[in-house]
Amino acid sequence: MKILSVNAGSSSLKFQLYEMPEEEVLISGVFERIGIGNSFYTIKLNGEKIKKEVELNNHKDAFEILVKELIDNNVINSCDEIKAVGHRTVQGGEKYDHTVVIDDSVINDMVKYSSLAPLHNPASITGINASKEVFPNALQTAVFDTAFHASMKEVDYLYPVPYEWYTKYGIRKYGMHGTSHRYVSMRMNEILDKSDTKIITCHIGNGASISAVKDGKCIDTSMGLTPNAGVMMGSRCGDIDCSIIPYIIEQTGMSAKEVDTVLNKQSGLLGISGVSSDSRDIEDGIKNGNERCKLAQEMYVKRIVEYIAKYYVLLGGCDAIVFTAGVGENSISTRKQILDKLTVLGVKIDEKANDIRGVEQKITADDSSIPVYIIPTNEELMIARDTYSLMLQG
Ligand code: AMP
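Residues numbered from 1 in each chain as written. Predicted model: local features only at pLDDT ≥ 70, side-chain atom pairs only at ≥ 80, totals over all residues. Heavy atoms only, no water.

Things to note about the packing of aromatic side chains
Right, on to step 1. In this structure the tally under the stated criterion is 7 aromatic pairs.
Right, on to step 2. Judged by centre distance (5.7 Å) and plane angle (40 degrees), the ring pair of F15 and F31 falls under tilted. With F15 in strand 2 (residues 13-19) and F31 in strand 3 (residues 24-32), this pair connects stretches of sequence that are 16 residues apart. Accessibility assignment for this pair places F15 and F31 in one class, buried.
Right, on to step 3. Taken together, the ring pairs connect F15, F31 and Y41 into an aromatic cluster.
Right, on to step 4. Over the ring of F40 we find K51, and its NZ or CZ is 4.5 Å from the ring centre. (Phe/Tyr/Trp six-rings, centres within 6.5 Å; stacked < 30°, edge-to-face > 60°. Helix = DSSP H or I, 4+ residues; strand = E, 2+ residues; numbered from the N terminus. Buried < 20%, exposed > 50% of the residue type's maximum accessible area, 1.4 Å probe, protein only. Lys NZ or Arg CZ within 6 Å of the ring centre and 35° of its normal.)

A word on unusual backbone geometry
Right, on to step 1. In this model, M20 is joined to P21 through a cis peptide bond whose omega is 5 degrees.
Right, on to step 2. Among the secondary structure elements, P21 is positioned in the loop between strand 2 and strand 3.
Right, on to step 3. The phi torsion at H177 lies on the positive side, around 55 degrees, for a residue other than glycine.
Right, on to step 4. Within the fold, H177 resides in the loop between helix 5 (163-169) and helix 6 (178-192).
Right, on to step 5. Exposure remark for H177: the relative accessible area of 11% places this residue in the buried category.

Here's the deal with the nonpolar core
Right, on to step 1. Counting residues in hydrophobic clusters, the biggest one holds 38 residues, and the most contacted among them are I200, I204, I321 and I338.
Right, on to step 2. Counting residues per element, the ones that place at least two in this core are strand 9 (198-204), strand 10 (208-214), helix 11 (291-315), strand 12 (320-324), helix 13 (332-340) and strand 14 (372-374).
Right, on to step 3. Looking at which element gives the most residues to this core, the answer is helix 11, with 10 residues.
Right, on to step 4. Not counting residues within four places of it along the chain, the set of residues in contact with I200 comprises I210, S211, I308, Y311, Y312, L315, C318, A320, I321 and V322.
Right, on to step 5. Counting 28 residues, the second largest nonpolar core, distinct from the first, contains L17, L26, V85 and A130. (Core = buried A, V, L, I, M, F, W, Y, C linked by side-chain atoms within 4.5 Å. Contact = heavy atoms within 4.5 Å.)

As for the pattern of salt bridges
Right, on to step 1. A full pass over the atoms with the stated rule returns 23 salt bridges.
Right, on to step 2. When the shortest N-O distance is used, the salt bridge between R88 and D145 registers 2.6 Å. Here R88 is found in strand 6 (residues 82-89), whereas its partner D145 is found in the loop between strand 8 (139-144) and helix 4 (154-157), with 57 residues between them in sequence. Grouping residues by exposure puts R88 and D145 together as buried. (Salt bridge = Lys/Arg side-chain N within 4 Å of Asp/Glu carboxyl O.)

Section: the side chain of T364
Right, on to step 1. Summarising the element assignment, T364 is placed in the loop between strand 13 (361-362) and strand 14.
Right, on to step 2. Among the polar contacts made by the side chain of T364, one reaches the main-chain amide nitrogen of V372 at a distance of 2.9 Å.
Right, on to step 3. Beyond its immediate sequence surroundings of up to four residues, T364 is in contact with L339, V347, K348, I349, D350, I370, P371 and V372. (Polar contact = N/O pair within 3.5 Å; in protein donor to acceptor, adjacent residues only side chain to side chain.)

Section: the site of the ligand
Right, on to step 1. The ligand sits among G205, N206, D278, S279, R280, E283, A325, G326, V327, N330, S331 and R357.
Right, on to step 2. When the free accessible area of the ligand is taken as 510 Å², the share hidden by the protein chains comes to 72%.
Right, on to step 3. Of all the secondary structure elements, the ones that give two or more residues to the shell around the ligand are helix 10 (279-287) and helix 12 (325-330).
Right, on to step 4. Broken down by element, the residue count for the shell around the ligand peaks at 4 residues, all from helix 12.
Right, on to step 5. Grouping the amino acids of the shell around the ligand by side-chain chemistry returns 2 nonpolar, 6 polar and 4 charged. (Near = heavy atom within 4 Å. Areas by Shrake-Rupley, 256 points an atom, 1.4 Å probe, with all protein chains shown as cover. Nonpolar A, V, L, I, M, F, W, Y, C, P; charged D, E, K, R; others polar.)

Quick word on the sheet that holds strand 3
Right, on to step 1. Judged by pairing direction, the sheet is mixed, and its 8 strands sit side by side in the order 5-4-3-2-1-6-8-7 without closing on themselves. A single partner strand is all that each edge strand has here, and the edge strands are strand 5 (48-53) and strand 7 (100-101).
Right, on to step 2. Relative to strand 8, strand 7 runs antiparallel, the two sharing 2 bridges. Within the sheet, the bridge partner assigned to V100 lies in strand 8 and is A142.
Right, on to step 3. The strands touched by helix 2 (residues 104-112) are strand 6, strand 7 and strand 8; relative to strand 8, the strand with the most contacts, the crossing angle is about 35 degrees.
Right, on to step 4. Lying over the sheet, helix 3 (residues 120-134) contacts strand 1 (2-8), strand 6 and strand 8, oriented at roughly 170 degrees with respect to strand 6. (Pairing = 2+ DSSP bridges. Axes fitted to C-alpha atoms, helices over the stretch in contact; angles between N-to-C directions.)

Remarks on the sheet that holds strand 9
Right, on to step 1. Spatially, 11-10-9-12-14-13 is the arrangement adopted by the 6 strands of the open sheet, whose pairing is mixed. Two strands bound the open sheet, and with one partner strand each, they are strand 11 (217-221) and strand 13.
Right, on to step 2. In this sheet, strand 10 lies alongside strand 9 in antiparallel orientation, the contact comprising 7 bridges. Of the residues in strand 10, the one forming a bridge with T201 is S211.

Some details on the packing of helix 2 against helix 3
Right, on to step 1. Contact geometry of helix 2 with helix 3 gives a least axis separation of 9 Å together with a crossing angle of 155 degrees. Viewed along their axes, helix 2 and helix 3 adopt a mutual orientation that is roughly antiparallel. Considering how the two elements wind past one another, helix 2 and helix 3 form a crossing that is left-handed. On the side of helix 2, the interface is formed by D104, I107, M110 and V111, while helix 3 contributes N121, S124, I125, I128 and K132. (Parallel < 35°, antiparallel > 145°, perpendicular 65-115°, else oblique. Left-handed = near helix turned anticlockwise from the far one by under 90°.)

Looking at the confidence of the model for the chain
Right, on to step 1. In the predicted model, the chain carries a mean pLDDT of 97, and 100% of its residues have values of at least 70.
Right, on to step 2. When mean pLDDT is compared element by element in the chain, strand 14 scores highest at 99, while helix 3 scores lowest at 95. (pLDDT = per-residue confidence, 0-100.)

Focus: the pairing of strand 10
Right, on to step 1. Extensive coverage of strand 10 is indicated by the burial of 6 of its 7 residues.
Right, on to step 2. Linking strand 9 back to strand 10 in an antiparallel pair, the connection comprises 3 residues.
Right, on to step 3. In the sheet, strand 10 pairs with strand 11 via 4 bridges, with the strands oriented antiparallel. Within strand 11, the position partnered with A212 by the bridge is D220.

Below is the structure:
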């Protein structure tokens, strides 16, 4: 059965087509600059990467070109062969703790939750509507990024602000990257060959979040009401003293929205280094003796270590730590700096094993108190698996 996993951004559309239940990737790719000119797409098929420039006015155009490519490359004979489309969606509020078949009420709820994810939810809805037009007979499912974190308890998800802010305005921790944390923690349990585990998952990419996962369920996560909480990120500040915001408004005359933009887009590694939000540039800067890059990296590592330590205590120990996403999978030096700070817990890095990028591997010595793994994330596969199981349920 052919199932399409898609991730729609406001001007992009990433996709992977799976043959299920074999979990074989038939084709993958991304449409970029949809609706903003100079659009193009890249597809990977049979180990070959093809890039084409094409006019893409909207997401429907992208889906239609995808169908044409699939037919031209003999992946399908007609679009009805795609039995289901699974959509990565971000904010599902408190209601959605699992993947669901999309109907009008799901769309209405996504619209309702858009105020909590103003960039992401509207983009997903655009993708879903376009997909429904191009694949009218396919089952459409929504895989929410917040769903995996729905198992958190009140004591962990509430903020110490007036309780009415929660009941009236929904102010609480929702978390993000849930599909990634779910995938890597599941994979970690498979590797450990047990399910009653205490796992700390570190999804460190451009955005970053850390989760504490007990017996396969998330008990706490570092992102909050929005993705700008928890650890320091590429261009986001993460946790800061909230009084900085009114203070800087008073000092500069900036609006709340302008300050929010600075905290999301000009802070983190970029804000401190003044160089870049990309770890690779920070690493280069350090090699070239840039002191601000060095400081940014130290602050970045410190905050990740603080969350690992916090979750070690919360979980009452730890069976494994997982690194995933762009930095977690690829930055040899960031992983080493983090693990060096965990020697107090008996963690011992295996430097040779750590000298690797983007593959599943244990990176600690056999006598390390906690094994640490790189597990490349695979949100698309989780989307395909969830969608396939909803197809089986009819
Ligand atoms: P993601 O958001 O998961 O796609 O991660 C993107 C980020 O991963 C980039 O902005 C880089 O900071 C980081 N990254 C990717 N490749 C490398 C690498 N080889 N070394 C260090 N950082 C990397």
